[in-house]
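Residues per chain are reported as follows:
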Amino acid sequence: MATPLVVSEVFKSFTMHLRDGLTLPVVANASFSVASGECVVLGGPSGVGKSSILKMLYGNYSVDAGQILIKHKDKVVDAASADPRMVLDIRRHTLGYVSQFLRTVPRVAALDVVAEPLVSRGEDSIEARRKAGQLLEALNLPKPLWQLPPATFSGGEQQRVNIARGFITDHAVLLLDEPTASLDAMNRAVVIEMIREKKKAGVALLGIFHDEEVRDAVADRIIDVSHFSPRRAAA
Ligand SMILES: Nc1ncnc2c1ncn2[C@@H]1O[C@H](COP(=O)(O)OP(=O)(O)OP(=O)(O)O)[C@@H](O)[C@H]1O
């Protein structure tokens, strides 16, 4: 089985510059991998470092030590030490991320927000919009909203735009940070089905799901992130 994501001995601390440089160690010696077609869930109590791990993998947080090995365009790249241009290339072609909250761009219609990851890869914009419409329809976003910028949408509507944007590409690795937190039962079921489709297509998924029902429906494996807690490592 192919393994497009390998995390090896990753460490992370935050330095509080406004608190006399106080250092808060958050992740110590995190090592795990995710295979194609597998959905791995990061578990453990609140504040243990689950979101921080996803943000390091996506390049939003720097990594203090260790490697994040991603299979990118037939090569293995260490995203932890890659330059910003490489990180952007990995995001464009290999690594998707559904964050908890949509970062809206003023004046851009929801349909174009969803189509953008395909357009930025040079795909035909009409075809990209068609695919975006299919996803928004599956996620029950009312059609009159498609042409509006999502800034004024409800939390659940914004989250569905965010999910559609994350799922529109055929990226080999997909990170999901509580994608169903603001959704009703009907749309949670749609997202569960979309995750199963990605697994069937051979995508490696790594996610955080506080909702037990969703977690049980999609998880092949749960990694207890408290194993990577610095306090435990020091004990
Ligand atoms: N940018 C940051 N600056 C300083 N501290 C941070 C930052 N991001 C996260 N932390 C700290 O790192 C620790 C882990 O946070 P993180 O959000 O990764 O936990 P989590 O396991 O995802 O929690 P939850 O389940 O509550 O979302 C927390 O103590 C948090 O305060």
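Here is what the cut-offs are and how they apply
- Residues numbered from 1 in each chain as written.
- Predicted model: local features only at pLDDT ≥ 70, side-chain atom pairs only at ≥ 80, totals over all residues.
- Axes fitted to C-alpha atoms, helices over the stretch in contact; angles between N-to-C directions.
- Helix = DSSP H or I, 4+ residues; strand = E, 2+ residues; numbered from the N terminus.
- Parallel < 35°, antiparallel > 145°, perpendicular 65-115°, else oblique.
- Left-handed = near helix turned anticlockwise from the far one by under 90°.
- Contact = placed C-beta atoms within 7 Å.
- Nonpolar A, V, L, I, M, F, W, Y, C, P; charged D, E, K, R; others polar.
- Near = placed C-beta within 6 Å.
- pLDDT = per-residue confidence, 0-100.
- Pairing = 2+ DSSP bridges.

### Side note on the packing of helix H3 (residues 110–119) against helix H5 (residues 155–167)
Thought 1: Two elements in contact, H3 and H5, have axes separated by 7 Å at closest approach and are oriented at 25 degrees. It follows that H3 is roughly parallel to H5 by the angle criterion. The two elements H3 and H5 meet at a crossing, and its hand is right-handed. Between H3, through Ala110, Val113, Val114 and Pro117, and H5, the contact on the second element is made entirely by Val161, Ala164 and Arg165.

### Some remarks on the environment of Gly96
Thought 1: Counting through the fold element by element, Gly96 comes out in strand S6 (residues 95–98).
Thought 2: Between the alpha carbons of Gly96 and Val173 there is a distance of 6.3 Å; along the sequence they are 77 residues apart.
Thought 3: Contact partners of Gly96, with chain neighbours within four places excluded, come to Gly166, Thr169, His171, Leu174 and Leu175.

### A closer look at the packing of H3 against helix H4 (residues 125–138)
Thought 1: It is at 8 Å that the axes of H3 and H4 come closest, and there the two elements cross at 125 degrees. Classed by the angle they form, the pair H3 and H4 counts as oblique. The two elements H3 and H4 meet at a crossing, and its hand is right-handed. Of the residues in H4, those touching H3 at Ala110, Leu111, Val114, Ala115, Leu118 and Val119 are Ser125, Ala128, Arg129, Lys131, Ala132, Gly133, Leu135 and Leu136.
Thought 2: Considering only residue class, the contact of H3 with H4 consists of 10 nonpolar, 2 polar and 2 charged.

### Focus: the site of the ligand
Thought 1: In the neighbourhood of the ligand, the contacting residues comprise Phe14, Leu24, Val26, Ser46, Gly47, Val48, Gly49, Lys50, Ser51 and Ser52.
Thought 2: Put simply, the parts of the chain that give the shell around the ligand at least two residues each are strand S2 (22–34) and helix H1 (50–58).
Thought 3: Within the shell around the ligand, the residues separate by chemical class into 4 nonpolar, 5 polar and 1 charged.

### Focus: the confidence of the model for the protein chain
Thought 1: Residue-level pLDDT values for the protein chain average 93, and 98% of them are 70 or greater.
Thought 2: Here helix H8 (residues 230–234) is the element of the protein chain with the lowest mean pLDDT, 64, and strand S8 (residues 204–208) is the one with the highest, 98.
Thought 3: Taken over the whole predicted complex, pTM reads 0.93, whereas the ipTM for its chain interfaces reads 0.96.

### Comments concerning the sheet that holds strand S4 (residues 65–72)
Thought 1: Ordered by their spatial adjacency, 4 strands build an open sheet running S2-S1-S4-S5, and the pairing between neighbours is antiparallel. Edge positions in the sheet fall to S2 and strand S5 (75–78), since each of these pairs with one other strand and no more. Each adjacent strand pair in this sheet contributes to an overall mean axis angle of 30 degrees, direction not counted.
Thought 2: Of the pairings in the sheet, the one linking strand S1 (residues 5–16) to S4 comprises 5 bridges and is antiparallel in character. Within the sheet, the bridge partner assigned to Leu5 lies in S4 and is Ile70.
Thought 3: Against the sheet, H1 makes contact with S1, S2 and S4, and its axis sits at roughly 70 degrees relative to S2, the strand it touches most.

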